[in-house]
Amino acid sequence: MKFSISSNDLIQKTKVVSDVIPQKPITQILDHLLFEVNGNTLYITGTDFQTTLRVEVNVESASDGAIAVPARILNNTLSTFANQPLSFEVVQGTQEEEEEEDAFGDDIGEMSTFKLVITSTQGSYEISCKDSEDYPDISSISEEWSVDLTSKSLSRGISKTLYAVIADDMRPNMTGIHIALSEGTVDFVATDTFILAHYSISGLSHGIEKSITVPKKTMQVLKNLIPSTDEDICHLAVGDNKVKFTLDGVELISSLIVERFPKYKEIMPEIDEPYNFLVDQKSFVNSIQRMSYFSSSVTNSLYFQTEGSNAISVSAQDKDLSNKANELITCTYTGQDVKIKFSYKNLLQIFQNMKCDDISMYIQPDDKPSTISPIGTLDDNESETVLIMALKS
């Protein structure tokens, strides 16, 4: 195998693929990247067994071949080069292992060795590699159903729900983003039991009624691969309890979460107009941030109480430190007076991921989830709603 490519073009691809490599691999081959040259295309693959990413990049090739390259030393080396053409060649040799026996007590003798020789304008560098035959082959699925989504829709769906994925491995059914397709609509949903983020796109032509739950790591990798404004098509195929995302020059395969995702539609509240208030997001977030400094470090709680039709009060108290604060926020409120308590951490987490100028919040009394939605930032066929549970008084 022999090829050449610019250092910048290569490291852009190897760093992306390295995102799927586990920090503590269960087997040594998993800290390697698989290089495969076919014609003038280099295919680079990384995997942790659950998630496999394969990208392609154009090269000038003198001969085809494949090799497994240790990712860390490769990326570290490439990152030190100013942009320049680099040449790569795989050299195979043998190495004698003296006085070493295999599991059956026989002398190993000579064993094959592989070196990837990199040549730059400054010098040459040899990296010990592994045979490509040792690399796990988990790059295919038996497709049962598929759908095409725009990369813009997919990127928005991930961005607006990823933060709400639970971090508790004891609840595996919620450790990913749920994607549900029905009647020309696709829903992206995630929850950590305290908040539930829901993003929906309608007016699609897929005609499929299916749902899957994709692990958080896979969605993080996919989010980094696709631009948020690109209308290119991403092909999503499902089979063998796996999902495969295919877009220009990229294949991402992941195991699916087989545990059943919560029935989120059953807990989506019917919006009751009398408990609705509209508020400027920046002012609201600044107030929450200020009040958080006076909140109890145990409960992280803030109290919200309506003050007529044009204001809501926010208060916090830390009895242990004898600190307290209270302030009024200008808003537009319609309905009966209400007092409710939320975790400021949950609120800030929501607003950090909801990009808008104004928000609409429907307060649900009697321990029902309240909802928060952005105003004026979505297309007509989009909706975004976040459920948040109040704290018990």
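Quick notes on the rules
- Residues numbered from 1 in each chain as written.
- Predicted model: local features only at pLDDT ≥ 70, side-chain atom pairs only at ≥ 80, totals over all residues.
- Heavy atoms only, no water.
- Helix = DSSP H or I, 4+ residues; strand = E, 2+ residues; numbered from the N terminus.
- Contact = heavy atoms within 4.5 Å.
- Buried < 20%, exposed > 50% of the residue type's maximum accessible area, 1.4 Å probe, protein only.
- Axes fitted to C-alpha atoms, helices over the stretch in contact; angles between N-to-C directions.
- Parallel < 35°, antiparallel > 145°, perpendicular 65-115°, else oblique.
- Left-handed = near helix turned anticlockwise from the far one by under 90°.
- Nonpolar A, V, L, I, M, F, W, Y, C, P; charged D, E, K, R; others polar.
- Pairing = 2+ DSSP bridges.

Caption draft 1: How the structure looks around the side chain of Ser-151. With respect to the helices and strands, Ser-151 occurs in helix H3 (residues 151-159). Non-local contacts of Ser-151, meaning those with residues more than four positions away in its chain, are made with Ile-226, Pro-227, Asp-230, Glu-231 and Asp-232.

Caption draft 2: Spatial organisation of the environment of Pro-227. The topology assignment puts Pro-227 in the loop between helix H4 (216-225) and strand S15 (233-239). Here Pro-227 falls in the partly exposed class, since its relative accessible area comes to 38%. Residues Pro-227 and Glu-133, 94 residues apart in the sequence, show an inter-C-alpha distance of 34 Å. Those residues in contact with Pro-227, other than ones at most four positions away along the chain, are Ser-151 and Ser-155.

Caption draft 3: Spatial organisation of unusual backbone geometry. Non-glycine residue Glu-183 carries a positive phi angle of around 50°. Mapped onto the secondary structure, Glu-183 falls in the loop between strand S11 (176-182) and strand S12 (185-191). Taking relative accessible area as the criterion, Glu-183 reaches 71% and is therefore assigned exposed. Even without glycine at this site, Thr-193 takes up a positive phi of about 80°. In this fold, Thr-193 is placed in the loop between S12 and strand S13 (195-201). Given the relative accessible area of 36%, Thr-193 is considered partly exposed.

Caption draft 4: Broad picture of the packing of helix H5 (residues 281-292) against helix H6 (residues 344-352). H6 packs onto H5 with a crossing angle of 150° between their chain directions and a minimal axis gap of 10 Å. By the angle class used here, H5 and H6 are roughly antiparallel. Here H5 runs over H6; the crossing is left-handed. Counted together, Gln-281, Phe-284, Val-285, Ile-288, Gln-289 and Ser-292 of H5 and Tyr-344, Leu-347, Leu-348 and Phe-351 of H6 form the full contact between these two elements. Partitioning the contact of H5 with H6 into residue classes produces seven nonpolar, three polar and no charged.

Caption draft 5: Looking closely at the sheet that holds strand S22 (residues 332-334). Read from one edge to the other, the open sheet built from nine strands follows the order S14-S11-S12-S13-S26-S25-S24-S18-S22, with strand pairing classed as antiparallel. Strand pairing shows two members of the sheet lacking a second neighbour, strand S14 (210-215) and S22, which therefore form its edges. Across this sheet, the average inter-strand angle for adjacent strands is 20°, counted without regard to direction. Here strand S18 (residues 276-280) pairs with strand S24 (residues 358-362) via five bridges, running antiparallel. From the neighbouring strand, Val-279 faces S24, where its bridge partner is Ile-359. Together, S11 and S14 form the strand contacts of H4, whose direction differs from that of S14 by roughly 90°. The strands touched by H6 within the sheet are S13, S24, strand S25 (370-375) and strand S26 (382-388), with S26 carrying the most contacts at an inclination of about 170°.

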